[in-house]
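Coordinate inspection notes
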Amino acid sequence: MARNPAAQTAFGPMVLAAVEQNEPPERRLVDDDLADLFLPRPLRWLVSATRPAPIRRFVIGWSEWSGRGLWANLACRKRFIGDKLSEALDGIDAVVILGAGLDTRAYRLTRRIRMPIFEVDLPINVARKAKTVRRVLGELPLSVRLVALDFEEDDLLTALAEHGYLPDHRVFFICEGVTQYLTERAVRRTLEGLRVAAPGSRLVFTYVRRDFIDGTNRYGTRTLYRSVRQRRQLWHFGLLPEQVPEFLAEYGWRLVEQAGPDDLVHRYVEPTGRTLKASQIEWSAYAEKI
């Protein structure tokens, strides 16, 4: 199976979620009791080593060296997405998670609801996810469908339809930490596919600022910029916050809320008493199909 550099990034967010479980509940930014179990054994060892607070502080501080503020970004965007999904559950018929990676949201969601949940990702990640789910849960829940797809080459709706997706369903689409890894063509192709989503469907996604992608403003994260833009060319697509409403409107979506890093820190970090700051490079947006 061909290796894909972007596929290797599936581990980082889950390590963060697992390490956060070692925080006292009142200081925890993410609640995810499956995160540790979904990681391979060497990373589970790393997570267990962070149970003592001084080591946990060291690991979080080390992560800041490569991407200042990204720990808070990743944790807060998960909370934002979770909040929006919880608010919408009574008005939707299905959930589609684009670029699902090793995320456990679908499997925690099956404890609360019975509706189709589609996890879409690269074939290498889907194969890894299927193996992981069977190891942790014994079998794949009947309501969860794993959909292998290359966003750059394949048609999203065709792939979903092959796994039982119904176009008249009101769907909650999640696209977390994905758009920056795609070309603009692939992002637009994905949104074009979602144009036919039923009215009342929801879309929550994260994006990296375009001025970071083009190098105009590196927001104090030169190490990250060298890694994702100069050495490996991992990140390709970005938007500016003021562009988002018009960009979504092109495909029949209405922006409902946009949350920048400062807002997310105020909403989620400050109540815990922690002093984490968020990077300005990543924003979250929530939209409704009209």
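Notes on the structure follow. Remember, it's a predicted structure, so these values are computed and weren't measured experimentally. (Residues numbered from 1 in each chain as written. Predicted model: local features only at pLDDT ≥ 70, side-chain atom pairs only at ≥ 80, totals over all residues. Heavy atoms only, no water.)

The tally for this structure, following the rule as stated, stands at 10 aromatic pairs. An aromatic cluster is defined as three or more aromatic residues linked by ring pairs; in this entry it consists of Tyr181, Phe212, Tyr225 and Trp235. (Phe/Tyr/Trp six-rings, centres within 6.5 Å; stacked < 30°, edge-to-face > 60°.)

With that settled, the discussion passes to the nonpolar core. Ranked by internal contacts, the top residues of the largest apolar core, which has 62 residues, are Val95, Phe172 and Trp235. Counting 35 residues, the second-largest nonpolar core is a separate cluster that includes Leu98, Leu149, Leu203 and Ala287. (Core = buried A, V, L, I, M, F, W, Y, C linked by side-chain atoms within 4.5 Å. Buried < 20%, exposed > 50% of the residue type's maximum accessible area, 1.4 Å probe, protein only.)

The next point concerns the layout of surface pockets. Of the volumes computed, that of the second largest pocket is approximately 290 Å³. Listed by contribution, the elements that provide at least two residues to the lining of the second largest pocket are α4 (70–88) and α5 (105–109). With 6 residues, α4 is the largest single contributor of residues to the lining of the second largest pocket. Split into classes, the residues belonging to the lining of the second largest pocket amount to 3 nonpolar, 2 polar and 9 charged. (1 Å grid on protein atoms, 1.4 Å probe; cavity = no way out; pocket = protein on both sides within 12 Å on 5 of 7 lines; lining within 4 Å. Points joined across faces, edges and corners; volume = space filled by probe spheres on them. Helix = DSSP H or I, 4+ residues; strand = E, 2+ residues; numbered from the N terminus. Nonpolar A, V, L, I, M, F, W, Y, C, P; charged D, E, K, R; others polar.)

Attention now goes to unusual backbone geometry. Positive phi values are uncommon outside glycine, yet Tyr219 reaches one of about 50°. For Tyr219, the position within the fold is in the loop between α9 (210–213) and α10 (222–231). By relative accessible area, which is 22% here, Tyr219 ends up partly exposed. You will see that Gln233, though not glycine, has its phi angle at about 50°, which is positive.

This part takes up the sheet that holds strand β2 (residues 117–121). The strands making up a sheet associate through backbone hydrogen bonding, with each pair oriented either parallel or antiparallel. As summarised here, the arrangement of the 7 strands in space is β3-β2-β1-β4-β5-β7-β6, forming an open sheet in which the pairing is mixed. The open sheet has two edge strands, β3 (144–148) and β6 (253–259), and neither has a second partner. Put simply, the sheet's adjacent strands are angled 20° from each other on average, direction ignored. Across 5 bridges, the pairing between β2 and β3 is parallel. Residue pairing for β3: Val120 is matched across the bridge by Val147. Along the sheet, helix α12 (residues 261–269) makes contact with β6 and β7 (282–289), crossing β6 at roughly 65°. (Pairing = 2+ DSSP bridges. Axes fitted to C-alpha atoms, helices over the stretch in contact; angles between N-to-C directions. Contact = heavy atoms within 4.5 Å.)

All right, on to the packing of α4 against α12 then. Describing two packed helices takes the angle between their axes plus the distance from one axis to the other. Two numbers describe how α4 lies on α12: the axes approach to 10 Å, and their chain directions differ by 75°. Relative to α12, the element α4 lies roughly perpendicular. Side by side, α4 and α12 meet where Asn73, Cys76, Arg79, Phe80 and Asp83 of the first sit next to Pro261, Leu264, Val265, Arg267, Tyr268 and Val269 of the second. Counted by class, the contact of α4 with α12 contains 7 nonpolar, 1 polar and 3 charged residues. (Parallel < 35°, antiparallel > 145°, perpendicular 65-115°, else oblique.)

Turning our eyes to something else, we now look at the pattern of salt bridges. Throughout the structure, instances matching the rule amount to 26 salt bridges. Across the salt bridge formed by Glu20 and Arg274, the nearest N and O atoms sit 2.9 Å from each other. You can see Glu20 sitting in helix α1 (residues 11–20) and its partner Arg274 sitting in the loop between α12 and β7, a full 254 residues away along the chain. A salt bridge links Glu176 to Arg105, with the nearest nitrogen and oxygen atoms 3.8 Å apart. Of the two residues, Glu176 sits in the loop between β4 (171–175) and α8 (184–194) while Arg105 sits in helix α5, which places them 71 residues apart along the sequence. The residues Glu176 and Arg105 share a single accessibility class, namely buried. Connected through shared salt-bridge partners, Glu20, Glu23, Arg27, Arg56, Arg57 and Arg274 make up one network. (Salt bridge = Lys/Arg side-chain N within 4 Å of Asp/Glu carboxyl O.)

Structural measurements only, silent on function.
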